[in-house]
Each structure stands twice: as structure tokens, then as C-alpha cells.
Amino acid sequence: MAYVQRKISFAGAPDTNPETKPFWDACAAGKFLIRRCTSCKKAHWYPRGLCPFCFGTCAWEEGSGKGKIYSLSVMKRAEVPFAMAYVELAEGPKMMTNIVDCDLDALKIGQDVKLKFVPTEGGPPVPMFTPV
Amino acid sequence: MSLKGAGYIVGAYEHPTRRATDKSVALLHTECAKGALEDAGLTKDDIDGYFCAGDAPGLGPLSMVDYMNLRCRHVDSTDVGGSSYQVAVGHALESIAAGRCSIALITLAGRPRSEGMATGTATRAGNVAQPDVQFEYPYGPTVVNMYAMCAARHMYEYGTTSEQLAWIKVAASHHAQHNPHAMLRDVVTVEDVVKSPMVSTPLHRLDCCVISDGGGALIVAKPEIAKSLKRPLVKVIGVGEGPKGQMGGDVDLTYSGARWSGPPAWEMSGVKPSDIKYASIYDSFTITVLMQLEDLGFCEKGQGGKFVSDGNLISGVGKLPFNTDGGGLCSNHPANRGGITKIIEAVRQLRGEAHPSVQVKNCNLALAHGTGGSLGTRHCGSTVILERE
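For clarity, every value in this text was computed on a predicted model and none was experimentally measured. (Residues numbered from 1 in each chain as written. Chains lettered and ligands numbered in written order. Predicted model: local features only at pLDDT ≥ 70, side-chain atom pairs only at ≥ 80, totals over all residues.)

Draft legend 1. How the structure looks around the interface of chain B and chain A. Across the contact, 28 residues belong to chain B and 33 residues belong to chain A. Going through the elements one at a time, helix H4 (143-158) and strand S5 (198-200) of chain B are the ones with two or more residues in the side of chain B that touches chain A. Sort the elements by how many residues they give to the side of chain B that touches chain A and H4(B) lands first, with six residues. Taken together, the residues of the side of chain B that touches chain A sort by class into 16 nonpolar, nine polar and three charged. (Contact = placed C-beta atoms within 7 Å. Helix = DSSP H or I, 4+ residues; strand = E, 2+ residues; numbered from the N terminus. Nonpolar A, V, L, I, M, F, W, Y, C, P; charged D, E, K, R; others polar.)

In C-alpha cells:
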């Protein structure tokens, strides 16, 4: 079946949250940032001010945009069906996302995917993934 | 100090309504409170502790203590979704042991069915100050697709099948046929479940619980008071709670908070899974039951599919009778929170007051477990172990 992109709503305004504003500003500029601890060196998700593993200070870095599907569910009972997923990023953390622009019924756990920004209504584009 | 036996469940009441278009949420809470007091043989003025969660309207304990006109020495409104009521039993034991109250009332009520809520399939933004919302809401998380991702991963890692999950619904339906209040009383087959419409892969419509109005209440009292009443003695011998989230990105969807709430409850109680005669297991979805059974130690991790198959959860047929009221899958899920009804049916079983067709013989040990929140993101497991004395 031909892929149809559902409309994506954004929650809140990025400007209202100083902790996450750099992330969304980067998305608007086409860059996917992840957050890594300067003490324990571990990357985490979703981005936080202090490291969720050791409360160390963190820095932004550009992510590779590569990952693989950790789990997947195609929401059938929706106006436009879509694929909800956790993607395990090459940098380690798993993030909630959608797999887009593909045959949803052919998707498999373990499959390699790459980053694709999808526009939202009322907010910056959000990072989603599509099969490699 | 162990909390084992610090309190007894002396009153339990489940509201018979499944659609309450003519009642407010506060009134439903109060009707449940009245029912539990009558069941215990106590009066309103005996209550000195009140416990509620996020389903209580307004400012929770303040609004409800005022509405019911209670005089309390202690209140608690810990909200961990549908697992709040197992947690409330544990917190009631703590407050009784500390002398902060003697007779604790716990209530739950809600009317999502009357309000036309699409509980499982609508994405809710919630409060945008909640730190995860910006990173999740745009992707369309719903209750069902979050639990579905747990099922998908379980299938991938352990070979669990849709037919195995369907056995959980089949068992619940066998029990629900005897419950006149249950929303779904027809016995279903594995084929019925796997052929029902797909909601979010791999979960079908019949893998999902019902949306209902209603509520329930419990009275927990200190031992001296319990022994002065005329009801069978149901002693709380083990409690545990375990919130689990996405662990900074180290997401692991193959286990639930039961892995953490179970061990302290088992240790406190001194009993083990094979001693349990009846289990109430939170059944928002079939996968919820399967994962909790594994995490509580009723079977090995990954063997849940095999364990639930072939009627093993059906009373009178299998080794572990579960949810003999029909549970959330068939009877009710008031306020989208099934924790309290799990405890109520366990109390019925221990008192010998379950429906005769599903009553477990010599039922002296029961477990009631809750999973509240969303299994695929952040949730809480909470365990209560009960003994008939």
C-alpha cells in the first residue's frame, strides 16, 4: 500500500523549555543532536540537563542518525495508520519514534533504519526513521 | 520492622455499575466507601485514614474528605495509575504500624465510558511540562500501541504467539460468564481473539480490556479491630512497589515493574509463587498478564506463553486460577484503573465468597498485582499478598 504520512502535532512550544530548546533549534536547522555525559561518557535519551546515569554534566553532539528497530507496532485503528517504534541508536540509547515513508506491514524488529526529519504542525520538524 | 500482618482487609466493595451516566465521580467514590463500610460492619465515623489516587476529583484527599465529611488523622494520594491501590494497601500498613491511623479507607471511581473516552486509541498530550512529552507526543503514543510494542518485543525474543496471548482472554471469558455484572459474558475461543480486528500490531481488539464506569473501595484495619469484626480474616502478609521507566534510554520492554515489586512482597510474606492458590493479575491487555506472571516468578522469563496456554488460568481447570470475576478483559476497568478490583476479587476468594462456579477450593493464599501507567514507557508494578487466617 502506498505510504501516507499522517499529520504530526507538536506538544507545547520549544521556546518554553530552555532545557530542550537547543535540541529543537538544531532540528529546525536539519541537525539531530544527542546528549552525552562529560563524566561517565554515556549517551542518553530523551535529552536531559543532567545525566540520568550519574547526574554528571552533559554536552550536545551530532548523532549519526543510524539505528535499528528495537520494537514496533503498527497502529491500525487510526485515521492514518502509522508505525510506532523504539529505535536503538548507533550511539546506544533507544528512542521513541515513528518509521515512515515505507510499507508499514513489511517492517521488522532488528531492521536497519536511518534518520528522516518530518515536519510538524505548530513546531519544529521531529526526528523519525526510514528503512535503509 | 516488617509490615507483615500490620493490617487486615476488613471491608471490600465493588460497584455493580458499568455505565453511570446518572452519577458524579465523587458520588461513585462515596457509594463505594459506603459499600465497603457495610461489608466490614463499620460506620463512616470509624475511618481515620483516607487513601485515594488520580481518579479522585479535585484536590484528591481534600476534595473527597470534604465531600464525604470524614475526620482523618492521615491521608495519602500516591498516584501510580491503575496500580495505586496495591500501593495504597502497603502505605495503609505503614501508617497503621506507625500509629497514624487505625482504619483506612481506600476508594477508586470513574466514568470514562459515560464520558466517551477513547482510552486506548487516542493520543493524549497531558501536561507539556512533563519532561517526556515533547519527545513522545509527536509520535502518537497511545495506551494500546505502547503495550503492543512490549508484546512485539516479547514475541521477537521468546517466540511468544498471538494464540498464546489469546488464552489469557479465553480464561477471563470462562470466568466472566458467571459474573452478572461483567460487560462481556460470552465465552470466547482462541480463534475468536486472533480473528478480532487488529488494533495495533500484534494486539487485537480482544487482547484489550473493556472501558467501563464504576469503582471500588477497601477498608484496611489494624489487627485488634479486624479480630473484633464478624468477617473472615484476610491478613496482608506481603507488599511491594516498583516503578520502572525508560532507564535513560536503556529501554527493556521484556519485563515489568513486577520484577521489582514482587521480591520484597515474597520476602515479607515468607511464601512462594507455588503456594499461591489464586492470583489477580492486572489485565489491561493480555500481554500485561503474561509479563507479570513471568516477573512475579510463576514461570521462567520467556515461558509465559506456554504457561498461560491450554486453560492453565481457568478456575477448576488449570494450575493458577486468575481473575475469576472476568477481570478487566471482560468485567470492568473503572476509571481506566483496575488495581482495586484485583484486590476485591482476591478478598472474595479468600473469604469463600467468589461465585461458586469459580471459587477456588481451600483458598488460603492469594496475590493481587497491579501495573499502572504505560508498560511501554513508565509504569509501576505493585504487589499485595493476602492470607486467610
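Draft legend 2. Representation of H4(B) within the structure. With 16 residues, H4(B) extends 23 Å between its outermost C-alpha atoms, agreeing within 8% with the 22 Å of an ideal straight helix rising 1.5 Å per residue. In the core, the buried residues of H4(B) are packed alongside strand S4 (66-75) and strand S5 (82-89) of chain A together with helix H5 (162-176), S5, strand S6 (203-204) and helix H9 (286-295) of chain B. B:Gly159, located one to two residues past H4(B), shows a positive phi value of around 75°. (Expected span 1.5 Å × (residues − 1).)

Draft legend 3. Up close: the sheet that holds strand S3 (residues 58-62) of chain A. Residue and element names in this part refer to chain A. Taken in spatial order, the three strands of this open sheet run S2-S1-S3, and their pairing is antiparallel. Two strands close off the open sheet at either side, each with one partner strand: strand S2 (43-44) and S3. Bridge analysis of strand S1 (residues 33-37) against S3 gives five bridges, and the strand direction is antiparallel. Its bridge partner lying in S3, Ile 34 is registered against Glu 61. (Pairing = 2+ DSSP bridges.)

Draft legend 4. Inspection of the nonpolar core at higher detail. All names here are of chain B. In terms of nonpolar packing, the biggest core is built from 146 residues, with Val 89, Ile 106, Tyr 147, Leu 218, Ile 219, Ala 366 and Leu 386 touching the most fellow members. Top element by residues in this core is H4. It accounts for nine residues. Other than its neighbours up to four places away in sequence, Tyr 147 contacts Leu 203, Ser 284, Phe 285, Ile 287, Thr 288, Leu 375 and Gly 376. (Core = buried A, V, L, I, M, F, W, Y, C linked by C-beta atoms within 7 Å. Buried ≥ 20, exposed ≤ 12 C-beta atoms within 10 Å, placed from the backbone.)

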